[in-house]
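Working through the structure, step by step
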Amino acid sequence: MKHEHHSHHKMNYKLPSVYVNAVYRSDRILIQVRDAKDMTVELLKDHEKSLHLIIVSADLETFYTFIR
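As a convention, each chain's residues are numbered from 1 in the sequence order in which they are written. Given that this is a predicted model, residues contribute local features only at a pLDDT of at least 70 and side-chain atom pairs are listed and counted only at 80 or more, while totals for whole chains, interfaces and linings are drawn from all residues. Hydrogens are left out, water is left out, and the side-chain values use all remaining heavy atoms of the structure.

Notes on the overall build of the protein chain
- In this description a helix means any DSSP run of H or I spanning at least four residues, a strand means any run of E spanning at least two, and both kinds are numbered starting from the N terminus. The secondary structure content of the protein chain amounts to zero helices and four strands.
- Taken from N to C terminus, the helices and strands of the protein chain fall in the order β-β-β-β.
- Each residue gets one of three labels from its accessible area relative to the maximum for its type: buried under 20%, exposed over 50%, partly exposed in between, using a 1.4 Å probe on protein chains only. When burial is assessed residue by residue, the protein chain has 3% of its 68 residues classed as buried.
- Counting contacts in the protein chain only where the partners sit at least 6 residues apart, residues at least 24 apart contribute 9% of the total.
- Only the protein chains shown count as cover for residues, and all accessible areas are computed by the Shrake-Rupley method using a 1.4 Å probe. Summed over all atoms, the accessible surface of the protein chain reaches about 6900 Å², with 54% contributed by carbon and sulfur. Whether two residues are in contact is decided by their heavy atoms, any of which lying within 4.5 Å being enough.

Regarding unusual backbone geometry
- The backbone of S26 sits at a positive phi, close to 50°, despite the residue not being glycine.
- Within the element layout of this structure, S26 appears in the loop between β1 (18-25) and β2 (28-35).
- Positive phi is not limited to glycine here, since D27 has a value of about 60°.
- With respect to the helices and strands, the residue D27 is situated in the loop between β1 and β2.
- Owing to a relative accessible area of 68%, D27 belongs among the exposed residues under this scheme.

Digging into the pairing of strand β3 (residues 52-56)
- Here, strands pair whenever DSSP counts at least two bridges between them. Where β3 meets strand β4 (residues 63-67), five bridges bridge the pair, whose relative direction is antiparallel. Within β4, the residue paired with L53 across the bridge is F66.

Structural notes on the environment of D35
- Its place among the elements puts D35 in strand β2.
- Among residues more than four places away in sequence, those in contact with D35 are S17, Y19 and V41.
- For the purposes of these results, a polar contact is taken to be a pair of N or O atoms within 3.5 Å, where, inside protein, one atom must be able to donate a hydrogen and its partner to accept one; residues adjacent in sequence count only when each atom of the pair is a side-chain atom. Separated by 2.8 Å, the side chain of D35 and the backbone nitrogen of M39 make a polar contact.

Digging into the pairing of β2
- Pairing between β1 and β2: eight bridges, direction antiparallel. Counterpart to V18 in the pairing with β2 is D35.

Thoughts on a nonpolar patch on the surface
- Side chains of V18, V20, Y24, I29, I31, I55 and Y64 sit close together on the surface and give an oily, nonpolar patch of about 690 Å² of accessible area.
- Broken down by element, the nonpolar patch gets its largest block of residues, three residues, from β1.
- Along the chain, I29 falls in strand β2.
- Residue I29 is classed as partly exposed on the basis of its relative accessible area of 45%. Patches in this entry comprise residues that are over 30% relatively accessible and not in a salt bridge; like charges within 9 Å are linked, as are nonpolar side chains (Val, Leu, Ile, Met, Phe, Trp, Tyr) within 5 Å. Just to be clear on terms, a salt bridge is a Lys or Arg side-chain nitrogen sitting within 4 Å of an Asp or Glu carboxyl oxygen.

As C-alpha cells, this is what we get:
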C-alpha cells in the first residue's frame, strides 16, 4: 500500500534520540519516554493517535495492541 497521499509522512526534520523505560506494576504499565538530557519527550499525534503500543510474545505468536 502506498502512502504518498499522507503529507505527514514526509518529515524533513531530525527526530531526537529517545530512551524508553517500561515497568509493569499493580496491573498497570508505566512507560517513560525521555531524551538524552533525561527530559520528558512530547509525543506527536500520528494517524490521529498519541500512542500506538504493540506487545509481542517472545515466540512472536501472540500480540496485543493498544492505541490511545
